[in-house]
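Observations on chain architecture
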Amino acid sequence: MNVRAEKKRYFIGANSSRGFVNFTSDIFCRAERLYIIKGAPGTGKSKLLNDIASEAENRSMDVEYYHCSSDPFSLDGVFIKDISAGIIDGTAPHTADMRFPGAQDEILYLGDFWDKDVLEKKTPDLISLNKKKAELFDSAYRLLSAGDAFYREKKALLSDAVDLQKLDAAIGRIFDKRTCVGDGWRMEPRQTEAIGMFGYTRFPTNEYLGSSIYHIDDRFGISSFAFNSIIEHAKKRGLTTYVSYGVLSDLDINEVYLPDTGVSFVCEVKQPDGYKSVNMSRFINKETIKANRNKLRCYTKMHSEIIKETEKVFEDIKRIHFSIENIYSGAMNFKKKEEFSKHFLIELFS
């Protein structure tokens, strides 16, 4: 599923072969003020974050949206550059702790607005549902790990077929067209893809941001070698580098945006109109591919089948997740919660 990127939209983490990868601290370490929202599913955390983002946009402020990797329709964080404020959902799996409690950081606890008596009656259901949900996530991560094993085997075969020197020279020529030199290299996560309850989702944010977009045209599955070269050239020139990782692979870098130059490197199966192309076929030895054709086809097929099974598991996770949400929503006093939200917005933007 591709989602329109009329705004700066990213994921706060990623479901992967290594389990859940949490980028929260890497993203929000730059915030001078950090607000951590605590509360269960269905208590209005995402609604509060959307209200904050809307108010910031109404004030013409620069807003970055960070979505849940399991539910791309749910917000898990907002960063407002103009006031250097980060507001995040700090509940599991993307837990977050205060750095300077009371001085710069604050907890926003939405549990103050639920009816404990209602929830106590639902305790057996909540225990059972959360246990099953955790088991299903473990299953999804095991499947992703199995799929990743086939990906790595395929990558190992392909590594002998890639002319790395020729590829690096081609990437270098792209960078030579951009004479900009940065203030010092740093690499930061800006995750644009995820696999979760609605299948595979990608935000085309880097196309939205890039003034010049290079499409890594890769039908063989060797794009990771190109991105390794891109990172090295950005490092040599001291350029800030935003990276996104492939969640259906070994967390190889799968997209890059260079804000100092406005250049984006993206990798999709089909090249959109108007993008410059880096044709990976130019850097591969066809005879090596031919010699390993059967193995490569096998690894590709097995990886694809495992991803399909993973998506089925996430379908079960979705059903259970929204059952948990319904229990907590039924126990919430949303009128009081919305009053709290209004007061917080006044405090945040004052």
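Description of the structure in this document. These numbers were taken from a predicted model, which means no experiment stands behind them. (Residues numbered from 1 in each chain as written. Predicted model: local features only at pLDDT ≥ 70, side-chain atom pairs only at ≥ 80, totals over all residues. Heavy atoms only, no water.)

What follows covers the layout of surface pockets. Roughly 680 Å³ of internal volume is contained in the second largest pocket. Of all the elements in the fold, those that place two or more residues in the lining of the second largest pocket are α2 (45–58), β6 (75–80), α4 (123–159) and α9 (293–331). The greatest single-element share of the lining of the second largest pocket, amounting to 5 residues, is contributed by α9. (1 Å grid on protein atoms, 1.4 Å probe; cavity = no way out; pocket = protein on both sides within 12 Å on 5 of 7 lines; lining within 4 Å. Points joined across faces, edges and corners; volume = space filled by probe spheres on them. Helix = DSSP H or I, 4+ residues; strand = E, 2+ residues; numbered from the N terminus.)

Quick look at helix α5 (residues 164–176) now. The first and last C-alpha atoms of α5 sit 18 Å apart over 13 residues, in line with the 18 Å expected at 1.5 Å per residue. Looking only at α5, the buried set comprises Leu167, Ala170, Ile171, Gly172, Ile174 and Phe175. Contact partners of the buried residues in α5: β12 (212–217), α7 (223–236), β14 (253–258), β15 (263–266) and β16 (276–279). (Expected span 1.5 Å × (residues − 1). Buried < 20%, exposed > 50% of the residue type's maximum accessible area, 1.4 Å probe, protein only. Contact = heavy atoms within 4.5 Å.)

Before going further, it helps to spend a moment on a nonpolar patch on the surface. A cluster of nonpolar side chains, namely Met98, Ile107 and Tyr109, defines an oily patch on the protein surface of about 230 Å² accessible area. Of note, Met98 is situated in the loop between β7 (85–89) and β8 (105–109). For Met98, a relative accessible area of 30% corresponds to the partly exposed category. (Patch = residues over 30% accessible without salt bridge, like charges linked within 9 Å, V, L, I, M, F, W, Y side chains within 5 Å. Areas by Shrake-Rupley, 256 points an atom, 1.4 Å probe, with all protein chains shown as cover. Salt bridge = Lys/Arg side-chain N within 4 Å of Asp/Glu carboxyl O.)

Right, let's get into the sheet that holds strand β1 (residues 8–11). Reading across from one edge, β1-β5-β6-β7-β4-β8 is the order of the 6 strands in this open sheet, with mixed pairing throughout. The open sheet has two free edges, formed respectively by β1 and β8, since each of these has just one partner strand. With strand direction ignored, the average angle separating the axes of adjacent strands in the sheet is 20°. α2 contacts β4 (33–38), β5 (63–67), β6, β7 and β8 of the sheet and is inclined by roughly 25° relative to β6. Set on the sheet, helix α10 (residues 334–348) makes contact with β4, β6, β7 and β8; between it and β4 the angle comes to about 170°. (Pairing = 2+ DSSP bridges. Axes fitted to C-alpha atoms, helices over the stretch in contact; angles between N-to-C directions.)

As a further point, take the pattern of salt bridges. Going through the model one piece at a time under the given rule, you end up with 19 salt bridges. With its nearest N and O atoms 3.3 Å apart, the salt bridge here joins Glu338 to Lys47. Of the two residues, Glu338 is situated in helix α10 and Lys47 in helix α2; the sequence distance between them amounts to 291 residues. Looking at Glu338, the relative accessible area reads 24%, which means it is partly exposed.

The linkage connecting Ala92 with the following residue, Pro93, adopts the cis geometry, with an omega of 10°. Among the structural elements, Pro93 can be located in the loop between β7 and β8. Despite not being glycine, Ser60 has its phi angle at roughly 60°, a positive value. Relative to the helices and strands, Ser60 resides in the loop between α2 and β5. Backbone geometry at Ser84 places phi at a positive 50°, although glycine is not the residue there. Mapped onto the elements of the fold, Ser84 is located in the loop between β6 and β7. Overall, the relative accessible area of 11% leaves Ser84 in the buried class.

In total, this model carries 15 aromatic pairs according to the counting rule given. Measuring from ring centre to ring centre gives 5.9 Å for Phe137 and Phe314, while their planes differ by 80°; the resulting arrangement is edge-to-face. Residue Phe137 is located in helix α4, and its partner Phe314 is located in helix α9; the two are separated by 177 residues in the primary sequence. No difference in accessibility class separates Phe137 from Phe314, as the two residues are buried. Considering the side-chain rings of Tyr214 and Phe265, the 5.4 Å spacing of their centres and the 25° angle between planes classify their relative orientation as stacked. Here Phe265 lies in strand β15 and Tyr214 lies in strand β12, a separation of 51 residues in the sequence. (Phe/Tyr/Trp six-rings, centres within 6.5 Å; stacked < 30°, edge-to-face > 60°.)

Spatial ordering of the open sheet is given by β9-β13-β14-β15-β12-β16, a layout of 6 strands whose pairing is mixed. Of all strands in the sheet, those with a lone pairing partner are β9 (186–189) and β16, marking the two edges. Between one strand axis and the next, the sheet turns through 25° on average, direction left out of account. Judged from the 4 bridges that link them, strand β13 (residues 240–245) and β14 form a sheet pairing that is antiparallel. Note on β14: the bridge partner recorded for Tyr242 is Tyr257. Docked against the sheet, α7 engages β9, β12, β13, β14 and β15, running at close to 30° with respect to β14.

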